[in-house]
Amino acid sequence: MQTPLFDAAVFDFDGTLAELVLDFTAMKARVGRVAAVFLPDVPVPNGLPALEYVRFLAGIISRDSAEAAARFELFAARAIMDQEIEAARAARLFTQTRPALAALARAGTRIGIITRNCRAAVDIVFPDAADFAGVILARDDARHVKPDPRHLLDALAVLAVPPQRALMVGDHPMDVATGKAAGTRTAALASGRLPLAELARHDPDYLADDVAALVAMLG
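Residues numbered from 1 in each chain as written. Predicted model: local features only at pLDDT ≥ 70, side-chain atom pairs only at ≥ 80, totals over all residues. Heavy atoms only, no water.

As a further point, take the overall build of the protein chain. Each helix and strand in the protein chain was counted, giving nine helices and six strands. A compact globule built from 219 residues would reach a C-alpha radius of gyration of about 17 Å, and the protein chain, at 18 Å, matches this within 12%. Dimensions of the protein chain, computed from the C-alpha atoms along their principal axes, are close to 60 × 35 × 35 Å. For the protein chain, buried positions account for 49% of its 219 residues. (Helix = DSSP H or I, 4+ residues; strand = E, 2+ residues; numbered from the N terminus. Rg over C-alpha atoms; globule rule 2.2 N^0.38 Å. Buried < 20%, exposed > 50% of the residue type's maximum accessible area, 1.4 Å probe, protein only.)

See below:
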């Protein structure tokens, strides 16, 4: 690569650097079963992601008991983490991930990883991630999680790179939205579950099939 276009590239994990094995519909069903212990009628997610669904249900439970809501959130968090670890044991890092990240690093680009997944799952799939990334903020490492831009901004603060000199890379519209909200450029990869045509609707700055294709494009 020539002089890097960006001083930092921050990557989503599942679907971007590693296989996306997690079944989010099943995860929300698990959360619903936990909520059924506390609620006679459990509302359906209606498109909410799993973490936001937990907060939504906790808000309903808290109307009767803050203590019950806290217990629900603890049990739901355990159910989510159990599924994440199960999925991580069945997943693998994309073969192109290590070479692509190494190429960026050689060109002088600082690397970060942010994910809504738990740190234990990242460690299972990518145990040597710290050899490639200067910062890794999994859900349990972060003060805020995407789409909150502070997840990305906190990673960039560790890398000492301003948003305007950074690129946010992911496989989902949430990643694009996070980057735009934080003031970075954005790249969307079709290595998860969404095709390029769907990702293009969210107007990322770069579109690529996978991380290797993106790095080649940036070079």
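Next up on the list: the sheet that holds strand 1 (residues 8-11). Spatially, 3-2-1-4-5-6 is the arrangement adopted by the six strands of the open sheet, whose pairing is parallel. Every interior strand has two partners, whereas the edge strands, strand 3 (135-137) and strand 6 (206-208), have only one. The mean angle between the axes of side-by-side strands here comes to 20°, regardless of whether they run parallel or antiparallel. As paired elements, strand 4 (residues 166-170) and strand 5 (residues 185-189) share four bridges and run parallel to each other. Each residue of the ladder has a partner; that of Val 169, found in strand 5, is Ala 187. (Pairing = 2+ DSSP bridges. Axes fitted to C-alpha atoms, helices over the stretch in contact; angles between N-to-C directions.)

Contact geometry of helix 1 (residues 24-35) with helix 2 (residues 50-61) gives a least axis separation of 9 Å together with a crossing angle of 15°. On the basis of their axis angle, the class for helix 1 and helix 2 is roughly parallel. Our pair here, helix 1 against helix 2, has a crossing hand that is right-handed. Taken together, the residues of helix 2 that come into contact with helix 1 (itself represented by Met 27, Lys 28, Val 31, Gly 32 and Ala 35) are Ala 50, Tyr 53, Val 54 and Leu 57. When the residues that make up the contact of helix 1 with helix 2 are grouped by side-chain class, the tally is seven nonpolar, one polar and one charged. (Parallel < 35°, antiparallel > 145°, perpendicular 65-115°, else oblique. Left-handed = near helix turned anticlockwise from the far one by under 90°. Contact = heavy atoms within 4.5 Å. Nonpolar A, V, L, I, M, F, W, Y, C, P; charged D, E, K, R; others polar.)

Note on placement: Ala 133 falls in the loop between helix 5 (119-125) and strand 3. Between the alpha carbons of Ala 133 and Ile 111 there is a distance of 4.7 Å; along the sequence they are 22 residues apart. Apart from the residues lying within four places of it in its own chain, the contact partners of Ala 133 are Ile 111, Gly 112 and Ile 113.

Moving on, we come to the layout of surface pockets. Looking at the largest pocket, its volume works out to about 590 Å³. In this structure, the largest pocket is lined by 26 residues; those nearest its centre are Leu 20, Phe 24, Arg 116, His 172 and Met 174. Listing elements by their share of the lining of the largest pocket, those giving two or more residues are helix 1, helix 2, helix 3 (66-90) and helix 7 (173-182). If one sorts the elements of the lining of the largest pocket by residue count, helix 1 sits on top with four residues. Classifying every residue of the lining of the largest pocket gives 11 nonpolar, five polar and 10 charged. (1 Å grid on protein atoms, 1.4 Å probe; cavity = no way out; pocket = protein on both sides within 12 Å on 5 of 7 lines; lining within 4 Å. Points joined across faces, edges and corners; volume = space filled by probe spheres on them.)

Below, the discussion takes up helix 2. In this model, helix 2 (12 residues) spans 16 Å end to end at C-alpha, consistent with the 16 Å of a helix rising 1.5 Å per residue. Within helix 2, nine of the 12 residues are buried, which leaves the element mostly enclosed by the surrounding structure. What helix 2 keeps buried is the set Ala 50, Leu 51, Glu 52, Tyr 53, Val 54, Leu 57, Ala 58, Ile 60 and Ile 61. At its buried positions, helix 2 is contacted by helix 1 and helix 3. (Expected span 1.5 Å × (residues − 1).)

With that settled, the discussion passes to the nonpolar core. Counting residues in hydrophobic clusters, the biggest one holds 34 residues, and the most contacted among them are Phe 11, Phe 13, Leu 17, Ile 113, Leu 167 and Leu 214. Setting aside its immediate chain neighbours within four residues, Leu 167 contacts Phe 6, Ala 8, Ala 9, Val 10, Thr 184, Arg 185, Thr 186, Ala 187, Tyr 206, Leu 214 and Leu 218. By size, the runner-up hydrophobic cluster in this structure holds 24 residues, among which are Ala 50, Ala 68, Ala 76 and Ala 87. (Core = buried A, V, L, I, M, F, W, Y, C linked by side-chain atoms within 4.5 Å.)

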